[in-house]
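Examination of the molecular architecture
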Amino acid sequence: ISSTKTVDERLKNICELLESEIPHYNWVGFYFKNGDKNELKLGPYVGEPTDHTIIPFGKGICGQVAVSNKNFVVPDVAAQDNYIACSITVKAEIVIPIFVNGENIGQIDIDSNTPDPFTEADERFLEFVCEKVATIL
Ligand code: SME
């Protein structure tokens, strides 16, 4: 089946679906490695606009996942010292890397206004989403 939608439109649709259907997902977005620079660039997202459209590798939760290649679940953002705050309403965050041919090329980033809302079910579900996303990039 062919589609006239662009990749960014499809990614935005995924953000909209996740944000609208899952009550504890309040900001949903994608960051991708920015060319050959050691930084992430914000892609499609849903939620409050953020100033953090570029995040250096190693900085914040997202930047740490860019170098660790591992899921990062933060039950309480206030307890993190290497954290980039986007909104004072955010209590928790989950970041799951996206792999293409074994390479970490970006991530899905989800903020929650609910404290400690993310379970292993969120991790497994979002890993599945990221695997599907990898196939449309
Ligand atoms: N909190 C993230 C920054 C991105 S915003 O959540 C949209 C971090 O610490 O990397």
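Now for a description of the structure that goes with this document. (Residues numbered from 1 in each chain as written. Predicted model: local features only at pLDDT ≥ 70, side-chain atom pairs only at ≥ 80, totals over all residues.)

Brief notes about the overall build of the chain
Here is the rule we go by: To qualify as a helix, a DSSP run of H or I must reach at least 4 residues; to qualify as a strand, a run of E must reach at least 2; elements of each kind are numbered from the N terminus. A radius of gyration in this sense is built from C-alpha atoms; the matching globule rule multiplies 2.2 Å by the number of residues raised to 0.38. Counts of 20 or more other C-beta atoms within 10 Å of a residue's own C-beta define buried residues, counts of 12 or fewer define exposed ones, and intermediate counts define partly exposed ones; C-beta atoms are placed from the backbone. We call two residues in contact when the distance between their C-beta atoms, placed using the backbone, is within 7 Å.
When helices and strands are tallied, the chain shows three helices and six strands. For the chain, the N- to C-terminal ordering of α and β elements is α-β-β-β-α-β-β-β-α. Relative to the compact-globule value of 14 Å for 137 residues, the chain shows a C-alpha radius of gyration of 14 Å, a close match. The principal-axis extent of the C-alpha atoms belonging to the chain is close to 45 × 35 × 30 Å. In the chain, which comprises 137 residues, the proportion classed as buried is 28%. A fraction of 46% describes how many contacts in the chain between residues 6 or more apart in sequence connect residues 24 or more apart.

Focus: the site of the ligand
This is how the line gets drawn: Whether a residue is near a molecule or strand depends on its C-beta atom, placed from the backbone, lying within 6 Å of it. Residues are grouped as follows: Ala, Val, Leu, Ile, Met, Phe, Trp, Tyr, Cys and Pro are nonpolar; Asp, Glu, Lys and Arg are charged; every other residue, Gly included, is polar.
The environment of the ligand is formed by 15 residues, the closest being Gly60, Ile61, Cys62, Ile84 and Cys86. Secondary structure elements with two or more residues in the shell around the ligand: β1 (27-33), α2 (60-68) and β6 (103-112). Per element, the largest residue contribution to the shell around the ligand is four residues, and it comes from α2. Looking at the shell around the ligand, its residues break down into seven nonpolar, five polar and three charged.

Overview of the nonpolar core
How we decide: To define a nonpolar core, we join buried Ala, Val, Leu, Ile, Met, Phe, Trp, Tyr and Cys residues through C-beta atoms within 7 Å and take the resulting set.
The biggest cluster of nonpolar side chains holds 25 residues, and the ones touching the most others in it are Val28, Cys62, Ile94, Val95, Ile108 and Ile110. When contributions to this core are tallied by element, the ones reaching two or more residues are α1 (7-21), β1, β2 (39-46), α2, β5 (92-100), β6 and α3 (120-136). Here this core gets five residues from one element, more than from any other, and that element is β5. Every residue in contact with Val95, bar those within four places of it in the chain, is listed here: Ile61, Cys62, Val65, Phe72, Gln107 and Asp109.

Some points on the pairing of β2
For the record, the criterion: Strand pairing is assigned whenever DSSP identifies at least 2 bridges connecting the two strands.
In the sheet, β1 pairs with β2 via five bridges, with the strands oriented antiparallel. Looking across to β2, one finds that Phe32 is bridged to Lys41. Between β1 and β2, which pair antiparallel and follow one another directly, the connecting turn spans five residues, one of which, Gly35, has a positive phi of 55°. Inspection of the sheet shows β2 paired to strand β3 (residues 54-56) by three bridges, in the antiparallel sense. Following the sheet pairing, Glu39 is matched in β3 by Pro56.

A short note on the packing of α1 against α3
Each pair of packed helices gets described by two things: the angle between the helix axes and the distance between those axes. Where we set the bar: Axis definition: a line fit to C-alpha positions, over the contact stretch in the case of helices; interaxial angles, taken between N-to-C directions, run 0 to 180 degrees. Each angle is binned into one of four classes, with values under 35 degrees roughly parallel, values over 145 roughly antiparallel, values of 65 to 115 roughly perpendicular, and all other values oblique. Two helices that cross are described as forming a left-handed crossing if the nearer one is turned anticlockwise from the farther one by less than a right angle, and a right-handed crossing if clockwise.
Axis separation between α1 and α3 bottoms out at 11 Å; the angle between their running directions is 165°. In terms of axis orientation, α1 runs roughly antiparallel to α3. As α1 packs across α3, the resulting crossing turns out to be right-handed. Across the interface between the two elements, Val7, Arg10, Leu11 and Ile14 of α1 pack against Val129, Val133 and Ile136 of α3. Across the contact of α1 with α3, the residue classes break down as six nonpolar, no polar and one charged.

Side note on the environment of Val77
Looking at the element boundaries, Val77 is found in the loop between β4 (72-74) and β5. Look at Val77 and you get partly exposed, because 18 C-beta atoms sit within 10 Å. Along the primary structure Val77 and Asp8 are separated by 69 residues, whereas in three dimensions their C-alpha atoms are 28 Å apart.

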